[in-house]
Number of protein chains: 2
Amino acid sequence: MESVVLINPIAVPDDDQARETFLAGWRNAADHLRQQDGFISTTLHASLNPAARFRFVNVAVWASAEQFQRAVSATEFQHLANRLTYPNFPALYQVVAD
Amino acid sequence: MESVVLINPIAVPDDDQARETFLAGWRNAADHLRQQDGFISTTLHASLNPAARFRFVNVAVWASAEQFQRAVSATEFQHLANRLTYPNFPALYQVVAD
């Protein structure tokens, strides 16, 4: 099995309430995922420019695509994820060049 | 000075020619940037699903925002970057949670 990288750019509006709502939801989801099989790490990035198209980008490493899919398909995670109402584009990636 | 992370999600179409054109341009740009002051690393990610909204995501680390801005403002880099015609959303980030 090869590890995979989940990258999720998230378009959170540039206002304090949206930021706090998003951060609270991210922490809940991260605390849940941290306990699932295959979780390796998760790192949340915030843009230096608050007006960037993607205010936040989450970069997480999982031991396998299968374990990631199992974790995010679970009902408990679905309830947490449904609260993330900002446009976001999660996908699994592999490193191709560095 | 605090290091910063450049994250650039790039919407490259799912066809072989677009992929090869993009990869050649990315390598040229990366080879140039690698030699600039403040460059630390660059990592190109490709989506497992070729139909993902962002087929590629570049994640690069720079020693400072100022050094990154200087590198990408230089005429030589501008010529390289102008060849990247796919929609892309580069921004500088800092880690806020992990």
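Note that residues are indexed from 1 along each chain, following the sequence as it is written. As they are written, the chains are lettered A onward and the ligands numbered 1 onward, keeping that order. Since the coordinates come from a predicted model, pLDDT governs what is reported: local features require at least 70, and pairs of side-chain atoms require 80 or more to be given and counted, while whole-chain, interface and lining totals use all residues. Note that water and hydrogens are dropped before the side-chain values are worked out from all heavy atoms of the structure.

> I'd love a proper account of the interface of chain A and chain B, names of residues and values included.
A common way to express how large an interface is: the accessible area buried when the components associate. Any two residues whose heavy atoms approach within 4.5 Å are treated as being in contact. Taken together, the contact between chain A and chain B spans 29 residues of the former and 29 residues of the latter. Accessible area, probed at 1.4 Å, shrinks when two parts are joined; the buried area is that loss added up over both. Taking both partners together, chain A and chain B bury about 2400 Å²; carbon and sulfur atoms supply 74% of that area. What counts as a salt bridge is simple: a side-chain nitrogen of Lys or Arg found within 4 Å of a carboxyl oxygen of Asp or Glu. Here chain A and chain B share zero salt bridges between them. Within 3.5 Å is the distance limit for a polar contact, defined as a pair of N or O atoms, with the added protein rule that one can donate a hydrogen and the other accept it, and that residues adjacent in sequence qualify only through two side-chain atoms. Remark: the boundary between chain A and chain B carries ten residue pairs in polar contact (both at pLDDT 80 or more).

> If you had to explain the pattern of salt bridges to someone new, which residues and values would you point to?
Residues and elements named next belong to chain B. Scanning the model with the defined rule gives two salt bridges over all chains in all. Between Arg-34 and Asp-31 there is a salt bridge, and its shortest N-O distance comes to 3.7 Å. Burial here depends on accessible area, computed with a 1.4 Å probe over protein chains only, as a share of the maximum for the residue type. Under 20% is buried, over 50% is exposed, and the range in between is partly exposed. For Arg-34, a relative accessible area of 35% corresponds to the partly exposed category. By relative accessible area, Asp-31 is classed as partly exposed at 41%.

> Run through the sheet that holds strand 3 (residues 56-62) of chain B, naming residues and quoting values.
Taking strand neighbours around the barrel as the criterion, the eight strands line up as 1(A)-3(A)-2(A)-4(B)-1(B)-3(B)-2(B)-4(A) in a closed arrangement whose pairing is antiparallel. In this sheet, neighbouring strand axes are inclined to one another by 35 degrees on average, regardless of whether the strands run parallel or antiparallel. Between any two strands, pairing holds if DSSP finds at least two bridges. The secondary structure listing takes helices from DSSP runs of H or I that are at least 4 residues long and strands from runs of E that are at least 2 residues long, numbered from the N terminus. Note on definitions: angles span 0 to 180 degrees between N-to-C directions of axes, and those axes are lines fitted to C-alpha atoms, for helices only across the stretch in contact.

> I'd like a rundown of the packing of aromatic side chains, residues and numbers included.
Stacked, tilted and edge-to-face are the three classes assigned to paired rings of Phe, Tyr and Trp, where Trp is represented by its six-membered ring and a pair needs centres within 6.5 Å; plane angles under 30 degrees give stacked, over 60 edge-to-face, the rest tilted. Under the counting rule described, the total for this entry stands at eleven aromatic pairs over all chains. Measuring from centroid to centroid gives 5.9 Å for Phe54(A) and Phe89(A), while their planes differ by 80 degrees, and the two rings are edge-to-face. Placement of Phe54(A) in the loop between strand 2 (39-47) and strand 3 (56-62) and of Phe89(A) in the loop between helix 3 (75-81) and strand 4 (91-97) is noted, with a sequence separation of 35 residues between them. Consider the rings of Phe54(A) and Phe54(B), whose centres lie 5.8 Å apart with planes at 85 degrees: the pair is edge-to-face. A residue pair is termed interchain when its members come from two chains, as with Phe54(A) in the loop between strand 2 and strand 3 and Phe54(B) in the loop between strand 2 (39-47) and strand 3.

> Outline the relation of the copies chain A and chain B, listing residues and values.
When the copies are superposed, the least-squares fit draws on C-alpha atoms of residues that have pLDDT of at least 70 in both. Each copy of the sequence occupies a distinct position, and chain A is placed on chain B by a rotation of 180 degrees and an axial shift of 0.0 Å, giving an RMSD of 0.0 Å. Accordingly, the operation relating the two chain copies is best matched by a two-fold axis. Measuring from the rotation axis to each C-alpha of chain A, the shortest distance belongs to Pro9(A), at 3.9 Å. When the interface residues of chain A are mapped onto chain B, 100% of them again fall at the interface, so both copies present the same face.

> How would you summarise the pairing of strand 1 (residues 4-10) of chain A if you had to cite specific residues and measurements?
Residue and element names in this part refer to chain A. Counted residue by residue, strand 1 has seven buried out of seven residues, so it is predominantly covered. Neither face of strand 1 is exposed, since Val-4, Leu-6, Asn-8 and Ile-10 on one face and Val-5, Ile-7 and Pro-9 on the opposite face are all buried. Relative to strand 3, strand 1 is paired through seven bridges, and the arrangement is antiparallel. In the sheet register, Ile-7 faces strand 3, and the bridge partner there is Val-59. Here strand 1 runs beside strand 4; their pairing, made up of three bridges, is antiparallel. The residue of strand 4 that forms the bridge with Val-5 is Tyr-93.

> An account of the nonpolar core is needed here, citing residue identities and associated values.
Each nonpolar core is a collection of buried residues, namely Ala, Val, Leu, Ile, Met, Phe, Trp, Tyr and Cys, held together in the definition by side-chain atoms within 4.5 Å. Within the largest apolar cluster, 18 residues are counted, with the highest numbers of intra-cluster contacts made by Ile7(A), Val57(A), Tyr93(A), Ile7(B), Val57(B) and Tyr93(B). Among residues more than four places away in sequence, those in contact with Ile7(B) are His45(A), Val57(A), Val57(B), Asn58(B), Val59(B), Phe89(B), Pro90(B), Ala91(B) and Tyr93(B).

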